Amino acid sequence: MAKQGLFVYKGRANHAEASFVSGECAMITTSSGFYGNVKKNAKFDFTLAPLPYYPKCPAHRRTP
């Protein structure tokens, strides 16, 4: 996907957030704290959705 230009890695910080607000990026995974920035600056409709959580998944189980 990266070779085709469908995925662009913007780094580990919040650099991708500007790409989303400008409309360059169609989807982003970031903190819910970013909502205010999008609501104020985005010139398009958007929605939020939580990441899936599977409590029965072994990776989510806590050991005592």
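Residues numbered from 1 in each chain as written. Predicted model: local features only at pLDDT ≥ 70, side-chain atom pairs only at ≥ 80, totals over all residues. Heavy atoms only, no water.

S.K.: How do you make sense of a nonpolar patch on the surface when you look at a structure like this?
M.R.: A surface patch of nonpolar side chains, about 530 Å² in accessible area, is lined by Met 1, Leu 6, Phe 7 and Tyr 9. Looking at where Tyr 9 falls in the secondary structure, it is placed in the segment before helix H1 (15-22). (Patch = residues over 30% accessible without salt bridge, like charges linked within 9 Å, V, L, I, M, F, W, Y side chains within 5 Å. Areas by Shrake-Rupley, 256 points an atom, 1.4 Å probe, with all protein chains shown as cover. Salt bridge = Lys/Arg side-chain N within 4 Å of Asp/Glu carboxyl O. Helix = DSSP H or I, 4+ residues; strand = E, 2+ residues; numbered from the N terminus.)

S.K.: Explain the side chain of Ser 19 to me, please; I cannot follow it from the model alone.
M.R.: In this structure, Ser 19 sits in helix H1. Sequence-distant contacts of Ser 19, defined by excluding residues within four places in its chain, comprise Lys 10, Glu 24 and Cys 25. (Contact = heavy atoms within 4.5 Å.)

S.K.: Help me understand H1, please; the structure alone is not making it clear to me.
M.R.: Residue pairs three or four apart in sequence face the same way in an α-helix, which turns once every 3.6 residues. For H1, every residue scored as buried is listed here: Glu 17, Ser 19, Phe 20 and Val 21. Backbone geometry just after H1 places Gly 23 at a positive phi near 95°. (Buried < 20%, exposed > 50% of the residue type's maximum accessible area, 1.4 Å probe, protein only.)

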